[in-house]
Structures are given as structure tokens and as C-alpha cells.
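Inside the fold
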Amino acid sequence: MNKVYLAAPFFSDQQQQRIQLVKQKLQINPTIDSQNIFLPQEHQFEEEPFGSRAWQQYVFASDIRQIQRADLLVAILDYKLEEGDNEGDSGTMFEIGAAFQARIPIAVVQFDPQKKLNLMIAQSLTAYFDASHQGLTELAAYNFDELKSKPADREVF
């Protein structure tokens, strides 16, 4: 059973809803350890004031440690979907890069069917799921033990 680091922006209600949809699909995937899906927003080190130096150091170290412990990273790219913004969340992009550097497989979920995919992300991923077109159903059934390549069928920029 695979442990997952779920990378995604979590700053709005809509972003939180997308995270929960993806998490639910991962939890029913038979190749995922449903008890080991790490969501960074649930581990924010509340013992220190938000944004303080100690808080930043703890959260950064914890997130990097959890990426390295994961068997795969699943990333939701839709940062400001409701605003039509085509750029990814910088924290999520960093987490993808850290996973790639650590040779951890990367699965990308994208909800916006019109959004182009960044070239660096397209080349680093193992599997791509278009949530606007059966992608969440595919995510729930994808065999993360075999990790067959599932490239993005998106225009890149």
C-alpha cells in the first residue's frame, strides 16, 4: 500500500473542496494506504505563531520529510481556478520539484479542462488525471503499484 503526499493550495473553500474530492478518490484506491495520505494543511505547527521563523522552519522541514517518506506525490494544480489564473501555486510546484529530485513518482490532477500544463510539470509527472473528464474515477482505479505511464494530453507552455 502506497503512502501519499497530497500537494495542493489550500487557501480557499474551493481549493479545500478539490482536496477533499481527490482525497476521497485516493482513499478508495486499492493501491493506496488510506490511512497514510499526508495533507500539509493538517500539520501547521500551531505551537508557534503563524508565519514566525520557528513556524516556517518547522513546516518546511516537516513537509520535506513527509515528501521523502511518501511513495508518491499527488498534486492538484488548480490554484486560482475560480479567477481563471493559469499559474500553479508556488508551494505545490516546489513540492513537485522536491519529489522529482527524490525520484518519487508524481501524479497530477487538474480540474480546468482549458488550462495548459507547464512543460516542467508535464515532463516530471508519471500520471495525469483530468478531473473535468473522468479523471477522478480513473484516479480511484489507477494502479499505483505498477505506475504505468499516463501522460498529460494537454498543450504545454
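Everything in this summary refers to the structure shown in the same document. On a predicted model such as this, the values are computed, not experimentally measured, just so you know.

Attention now goes to the pairing of strand β2 (residues 32-38). Bridge analysis of strand β1 (residues 2-7) against β2 gives 3 bridges, and the strand direction is parallel. The residue of β2 that forms the bridge with Tyr5 is Phe38. Each parallel crossover has a hand, and the one from β1 via helix α1 (residues 13-28) to β2 is right-handed.

A few words on α1. The terminal C-alpha atoms of α1, which comprises 16 residues, lie 23 Å apart, in line with the 22 Å expected from a rise of 1.5 Å per residue. Where α1 is buried, its residues contact β1, β2, β3 (72-76), β4 (106-110) and α5 (135-141).

Our next topic: the packing of helix α2 (residues 53-69) against helix α3 (residues 90-101). Where α2 contacts α3, the axes come no closer than 10 Å and their chain directions differ by 45 degrees. As summarised for this structure, α2 and α3 are arranged oblique, according to the angle between their axes. Two packed elements cross with a definite hand, and for α2 against α3 that hand is right-handed. Facing α2, whose interface residues are Phe60, Asp63, Ile64 and Ile67, α3 presents Phe94, Glu95, Ala98 and Ala99.

Moving on, we come to a nonpolar patch on the surface. A surface patch of nonpolar side chains, amounting to about 290 Å² of accessible area, comprises Leu119, Met120 and Val156. Summarising the element assignment, Leu119 is placed in helix α4 (residues 119-124). For Leu119, a relative accessible area of 42% corresponds to the partly exposed category.

Approximately 440 Å³ is the volume attributed to the largest pocket. Lining of the largest pocket is provided by 19 residues; of these, Phe10, Val59, Asp63, Gly91 and Glu95 occupy positions nearest its centre. For the lining of the largest pocket, the elements supplying multiple residues, two or more each, are α2 and α3. Per element, the largest residue contribution to the lining of the largest pocket is 7 residues, and it comes from α2. When the residues that make up the lining of the largest pocket are grouped by side-chain class, the tally is 11 nonpolar, 5 polar and 3 charged.

Each strand in a sheet pairs with another by means of backbone hydrogen bonds, the pair being arranged parallel or else antiparallel. Pairing is parallel across the open sheet formed by 5 strands, whose spatial order is β2-β1-β3-β4-β5. Only two strands of the sheet have a single partner each, and these edge strands are β2 and β5 (127-130). With strand direction ignored, the average angle separating the axes of adjacent strands in the sheet is 25 degrees. Bridge analysis of β1 against β3 gives 4 bridges, and the strand direction is parallel.

Rules of the game
- Residues numbered from 1 in each chain as written.
- Predicted model: local features only at pLDDT ≥ 70, side-chain atom pairs only at ≥ 80, totals over all residues.
- Heavy atoms only, no water.
- Pairing = 2+ DSSP bridges.
- Helix = DSSP H or I, 4+ residues; strand = E, 2+ residues; numbered from the N terminus.
- Right-handed = clockwise from strand over helix to strand, strands pointing away.
- Expected span 1.5 Å × (residues − 1).
- Contact = heavy atoms within 4.5 Å.
- Axes fitted to C-alpha atoms, helices over the stretch in contact; angles between N-to-C directions.
- Parallel < 35°, antiparallel > 145°, perpendicular 65-115°, else oblique.
- Left-handed = near helix turned anticlockwise from the far one by under 90°.
- Patch = residues over 30% accessible without salt bridge, like charges linked within 9 Å, V, L, I, M, F, W, Y side chains within 5 Å.
- Areas by Shrake-Rupley, 256 points an atom, 1.4 Å probe, with all protein chains shown as cover.
- Salt bridge = Lys/Arg side-chain N within 4 Å of Asp/Glu carboxyl O.
- Buried < 20%, exposed > 50% of the residue type's maximum accessible area, 1.4 Å probe, protein only.
- 1 Å grid on protein atoms, 1.4 Å probe; cavity = no way out; pocket = protein on both sides within 12 Å on 5 of 7 lines; lining within 4 Å.
- Points joined across faces, edges and corners; volume = space filled by probe spheres on them.
- Nonpolar A, V, L, I, M, F, W, Y, C, P; charged D, E, K, R; others polar.

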